[in-house]
Amino acid sequence: LLDLAQGDEEYVQMCQEVMGAFSRADMPEALRLLDKHFLELTYSLRSLFRDEQRRVLDVIVGSAMTDAEGLSARLYEAHSPLLRYLATLDFPLPPALQRLADFVLNTTLRRELGRRELDFSRIRTLLEEAQGVGIELDRLGMGYALQQAMEGAMEQWVERPEQLGRLRRLRRTAELARSLPFELDLSVVQNYYFRTLETELPHFSEQADRGDPVAVEWRDNFRALGTALGMRV
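This one's a predicted model, so the numbers in the text were calculated from it and none came from an experiment. (Residues numbered from 1 in each chain as written. Predicted model: local features only at pLDDT ≥ 70, side-chain atom pairs only at ≥ 80, totals over all residues. Heavy atoms only, no water.)

### Some remarks on the overall build of the chain
- The helix and strand tally for the chain stands at 10 helices and zero strands.
- Along the chain direction, N to C, the helices and strands of the chain fall in the order α-α-α-α-α-α-α-α-α-α.
- Buried residues in the chain amount to 34% of all 233 residues.
- Summed over its atoms, the accessible surface of the chain is roughly 15000 Å², and 53% of this surface lies on carbon and sulfur atoms. (Helix = DSSP H or I, 4+ residues; strand = E, 2+ residues; numbered from the N terminus. Buried < 20%, exposed > 50% of the residue type's maximum accessible area, 1.4 Å probe, protein only. Areas by Shrake-Rupley, 256 points an atom, 1.4 Å probe, with all protein chains shown as cover.)

### Focus: helix α10 (residues 213-228)
- Relative to the 22 Å expected for 16 residues at 1.5 Å per residue, α10 spans 23 Å between its end C-alpha atoms, a close match to the ideal helical length.
- Within α10, the full set of buried residues consists of Ala-215, Trp-218, Arg-219, Asn-221, Phe-222, Leu-225, Gly-226 and Ala-228.
- On its buried side, α10 packs onto α6 (139-159), α7 (164-179), α8 (187-199) and α9 (201-209).
- You can read the cap of α10 off the contacts: a side-chain oxygen lies 3.0 Å from the backbone nitrogen of Val-214, and it is on Asp-212.
- Two residues or fewer past α10, Gly-230 is found with a positive phi of approximately 75°. (Expected span 1.5 Å × (residues − 1). Contact = heavy atoms within 4.5 Å. Polar contact = N/O pair within 3.5 Å; in protein donor to acceptor, adjacent residues only side chain to side chain.)

### Regarding the packing of α9 against α10
- One can describe the packing of α9 onto α10 by two numbers: an axis separation of 8 Å at closest approach and a directional angle of 130°. Here α10 runs oblique to α9, going by the angle between their axes. Considering the relative orientation of α9 and α10, their crossing is left-handed. In this structure, α9 uses Leu-201, Phe-204, Ser-205, Gln-207, Ala-208 and Asp-209 to contact α10, whose residues at the interface are Ala-215, Val-216, Trp-218, Arg-219 and Phe-222.
- Partitioning the contact of α9 with α10 into residue classes produces seven nonpolar, two polar and two charged. (Axes fitted to C-alpha atoms, helices over the stretch in contact; angles between N-to-C directions. Parallel < 35°, antiparallel > 145°, perpendicular 65-115°, else oblique. Left-handed = near helix turned anticlockwise from the far one by under 90°. Nonpolar A, V, L, I, M, F, W, Y, C, P; charged D, E, K, R; others polar.)

### Observations regarding the environment of Ser-205
- Tracing the backbone shows Ser-205 in helix α9.
- Linking Ser-205 and Trp-218, residues 13 residues apart in sequence, is a C-alpha distance of 8.8 Å.

### With respect to a nonpolar patch on the surface
- Together, Leu-82, Tyr-85, Leu-89 and Phe-91 make up an exposed nonpolar region whose accessible area comes to about 440 Å².
- As for its placement among the helices and strands, Phe-91 is situated in the loop between α3 (50-88) and α4 (95-113). (Patch = residues over 30% accessible without salt bridge, like charges linked within 9 Å, V, L, I, M, F, W, Y side chains within 5 Å. Salt bridge = Lys/Arg side-chain N within 4 Å of Asp/Glu carboxyl O.)

### Remarks on the pattern of salt bridges
- Taken as a whole, this structure holds 10 salt bridges when the rule is applied.
- Linking Glu-175 and Arg-171 is a salt bridge whose minimum nitrogen-to-oxygen distance equals 3.3 Å. Of the two residues, Glu-175 and Arg-171 are both situated in helix α7; the distance of four residues between them amounts to about one turn of the helix.
- For Arg-219, the salt bridge goes to Asp-209, with nearest N and O atoms at 3.0 Å. Of the two residues, Arg-219 is situated in helix α10 and Asp-209 in helix α9; the sequence distance between them amounts to 10 residues.
- Relative accessible area serves as the criterion here: at 60%, Asp-209 is assigned to the exposed category.

### Quick notes on the side chain of Ser-80
- In this structure, Ser-80 sits in helix α3.
- On the basis of relative accessible area, Ser-80 is assigned to the buried category, the value being 6%.
- Within the structure, Ser-80 has its side chain in polar contact with the backbone oxygen of Glu-77 (distance 3.2 Å).

### Describing helix α1 (residues 8-23)
- The terminal C-alpha atoms of α1 lie 22 Å apart, and with 16 residues this matches the ideal 22 Å at 1.5 Å per residue to within 8%.
- Three or more residues of α1 are buried, namely Met-14, Val-18, Gly-20 and Ala-21. One side of α1 carries all its buried residues, which in axial view fall inside an arc of 155°. Summarising the geometry of α1, the exposed residues directed more than 90 degrees from the buried face are Asp-8, Glu-9, Gln-16, Met-19 and Ser-23.
- Note on α1: the residue one or two positions beyond its end, Ala-25, has a positive phi of about 60°. (Arc of directions from axis to C-beta.)

### A few points about the packing of aromatic side chains
- Evaluated as defined, the whole model comprises five aromatic pairs.
- Ring geometry for Trp-157 against Trp-218: centres 6.2 Å apart, planes inclined by 35°, an arrangement best described as tilted. A residue pair is termed long-range when its members are at least 10 positions apart, and Trp-157 in helix α6 and Trp-218 in helix α10 qualify at 61 residues. For the pair formed by Trp-157 and Trp-218, the shared burial category is buried.
- Relative to Phe-222, the ring of Trp-157 lies with its centre 6.2 Å away and its plane at 45°, an arrangement referred to as tilted. A residue pair is termed long-range when its members are at least 10 positions apart, and Trp-157 in helix α6 and Phe-222 in helix α10 qualify at 65 residues. The residues Trp-157 and Phe-222 share a single accessibility class, namely buried.
- Put simply, the rings of Trp-157, Tyr-193, Phe-204, Trp-218 and Phe-222 pair up and form one aromatic cluster. (Phe/Tyr/Trp six-rings, centres within 6.5 Å; stacked < 30°, edge-to-face > 60°.)

Right, dumping it as structure tokens:
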């Protein structure tokens, strides 16, 4: 590429222009700029190695999916009162609106369940919305997303088990998971819990027995977490 440019300055400018268009997902402009700078030399995705093809396609498809999700969410928001009203009448949703609601609610819930810091109120609101309009949830995908969120929260907590705030969030995540009809593999989280049961609980229980209020709250949250994970404490 350096040989094709008329100097370092022109090369840097060319890179900035092309990457700017590419970052905006403006494919026509990116192609126009490539034609401008490389003249008769043309390249396509087929010119790249497989890994690079996948990386470029991930960017392009990801941008398209973001646009699709945004547009669908706006359409759903505009028509959601009608969907909820039809559901109260036990009236079947028109197929197009049914597919729209399926896509928006499932996509939004998977994204919310995959966050490192879960917004419990929003998740429950979305679940109630899905139930209210009769949407069939992607239980497998959501269960996996929630499982990953739990494992991440557990790994974060065991780094500093004295952090009561992290323990509270982990307990609430486990309680949410237990209340949902999703199948989760809790073996990783349970193994972490068992190790903490042996290494940390005796210390905090001793402090709690002495009347330390923070230790008392820690022990209560730890026991509640164990119950939510199906562990015997």
